[in-house]
Each structure stands twice: as C-alpha cells, then as structure tokens.
Amino acid sequence: MNTQYTPRTRRIFLLIVILMFILTACTQKTAPQDSNISMKGNQFTNSSSREGYEPIAIVNHISDGSMDSMDNWFTNPNNRVSSAHFGVSRAGEIHQYVDIHRMAWANGLSEEGILRAEAEIVRDRPKINPNLYTVSIEYEGTDGDLTKEQFEASVWLHRYIQSEVRRIWGKEIILDEQHVIGHNQIDPLRRPDDPGPKFPWERLYHVLKNGSSSPSTG
Ligand SMILES: [Zn+2]
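Residues numbered from 1 in each chain as written. Predicted model: local features only at pLDDT ≥ 70, side-chain atom pairs only at ≥ 80, totals over all residues.

**Concerning the overall build of the protein chain**
Working step 1: Scanning the protein chain from N- to C-terminus turns up seven helices and six strands.
Working step 2: In the protein chain, the order of α-helices and β-strands from amino to carboxyl end is α-β-β-α-β-β-α-α-β-α-β-α-α. (Helix = DSSP H or I, 4+ residues; strand = E, 2+ residues; numbered from the N terminus.)

**Some thoughts on the pairing of strand E2 (residues 57-62)**
Working step 1: With six of six residues buried, E2 lies mostly within the body of the structure.
Working step 2: Of the two faces of E2, both are covered, the one formed by Ala57, Val59 and His61 as well as the one formed by Ile58, Asn60 and Ile62.
Working step 3: Relative to strand E5 (residues 134-139), E2 is paired through six bridges, and the arrangement is parallel. Bridged to Ile62 within E5 is Tyr139.
Working step 4: Examined bridge by bridge, E2 and strand E6 (residues 180-182) share three bridges and lie parallel to one another. Opposite Ile58, over in E6, you have Val180 as the bridge partner. (Buried ≥ 20, exposed ≤ 12 C-beta atoms within 10 Å, placed from the backbone. Pairing = 2+ DSSP bridges.)

**Concerning the nonpolar core**
Working step 1: Ile58, Ala84, Val88, Ile137 and Leu157 are the most contacted members of the largest nonpolar core, which has 36 residues in total.
Working step 2: Of all the secondary-structure elements, those providing two or more residues to this core are E2, helix H2 (67-73), strand E3 (86-88), E5, helix H5 (148-169) and E6.
Working step 3: No other element matches the five residues that H5 contributes to this core.
Working step 4: Those residues in contact with Leu157 that lie beyond four places of it in its chain are Phe86, Val88, Ile94 and Ile137. (Core = buried A, V, L, I, M, F, W, Y, C linked by C-beta atoms within 7 Å. Contact = placed C-beta atoms within 7 Å.)

**Section: unusual backbone geometry**
Leaving glycine aside, a negative phi is the common case for residues, and trans is the common case for peptide bonds.
Working step 1: Between Asp194 and Pro195 the backbone carries a cis peptide bond, its omega angle lying at 25°.
Working step 2: For Pro195, the location among the structural elements is in the loop between helix H6 (183-186) and helix H7 (201-210).
Working step 3: Phi angles above zero are rare outside glycine, and Glu51 is one such case at about 50°.
Working step 4: Mapped onto the elements, Glu51 comes out in the loop between strand E1 (37-39) and E2.

**Thoughts on the environment of Ser38**
Working step 1: Within the secondary structure layout, Ser38 lies in strand E1.
Working step 2: Residue Ser38 is classed as exposed on the basis of its C-beta count, with 12 C-beta atoms lying within 10 Å.
Working step 3: Here the alpha-carbon distance between Ser38 and His95, two residues 57 residues apart in the chain, equals 4.9 Å.

**Some remarks on the pairing of E5**
Working step 1: Of all six residues in E5, six are buried; the element is thus mostly enclosed.
Working step 2: Side chains of E5 alternate between two faces, with Thr134, Ser136 and Glu138 and Val135, Ile137 and Tyr139 buried alike.
Working step 3: Two strands pair when backbone bridges link them, and E3 and E5 are joined in this way by three bridges, in the parallel orientation. Bridge pairing in E5 places Gly87 opposite Glu138.

**Things to note about the confidence of the model for the protein chain**
Working step 1: Of the residues in the protein chain, 86% have a pLDDT of 70 or more, and the chain-wide mean is 90.
Working step 2: Here residues 26-32 is a poorly scored stretch, pLDDT under 50, and it has four contacts once near neighbours within four places are set aside; other chains count. (pLDDT = per-residue confidence, 0-100.)

See the structure below:
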C-alpha cells in the first residue's frame, strides 16, 4: 500500500531534516576537531583567555611520567598551576586538554624570566607572557626519546596546529627553529631538560620542513 503524505507532513519532515543538519554542523564545531585527537580536558583543566593574542609558536615539553598521570594531573581539581593543549603518548595517541582558542598554563614567565629566555621570539616580547602566544605539546616519557609512533604523531600534530591556526586566525606558524621550540628555550633556568636531552630536534625539523605528510592524509 502506498502511504500518502500531506504537504504539511512533508514540510515537517523537511524541517526536521534541516534542523538535524544544522545541529550536526554546530556540534562539529565544538567537538574535538579531528578523529586523531581525544578530548580529555574537563572543568578543572587550567586555561585562560589569550587576551587577543594569536599563537605564533609551538612549544614542546616532556611530561616526566606516564600518559595516565598526564591525563590525571591536567584534569585534577588540585592542579592550580599547569596545563597544556596536547599530550602525545608513547603509542602515538593524541590527547587534548585545552582548546587552541585559549591559553594553556604551560610556559609562563615573569618579566625577569623573559629577559633570560634563549628563544628570540620570547625575548622580543619583553612584557608578554609566552603562554599567550604559544601552543604547547607534552610527551609521555622522561628523556624525550620519542617512540616511532610518538614521533609520527608529533609531526602530524605540528601540522595540525599549523592548519588550525590558519583556519581560525588566518595566520601561518612557520615550522622552523624559531617557531617550534622547547620549554628549555623559554625557561633555561628552571626547565633546562624540557623536552629532554634525547628529543629528536634535528629529525623533527627535517621532516617538518621537507616531509609530505599533512593533516588530511593523516
Ligand atoms: Zn615544560
């Protein structure tokens, strides 16, 4: 038997379809932007406004512990001191704690600290907290000796951050020695071994400058 729909019923169906489409489009904006990333941040994760500053550099850090302890610490109500945008596990999983629109509490400095920084990009901005214009990545581990999976996830994540900054702010983070740095270059006194003596800087710069993998190809 043929079901006959009145024009009114058809209009309601059409409206529902349109509403579902709009709803899907809206949720996609707030959900983790990419399936490679699991959002782990919660209401206890520390973050603040970027106060109008745009990200111009990516900072690499060592978490000095396991991925579980990183997840725990960055979502813990007792943590009133630190956070990061992303964490990369030794298995190559990427966790996100802070939305890239906001600043993480990852590499803040006093005004005297800024003058002692090694990174030019920091010393060139003597009155500005480096958290305001950076995106931070933490790595599971203790010495920066990344696993193969972790290194590949790191390369993907650097390119992903670059593409997100382009999408959101219309600006280009150049993936070179001046704009991809370690916490040790921001705070050499208190964080001399962050992201670790074995962090593969040379290999990372080489792939970021010459490699072909991009967020769209995974
Ligand atoms: Zn650090």
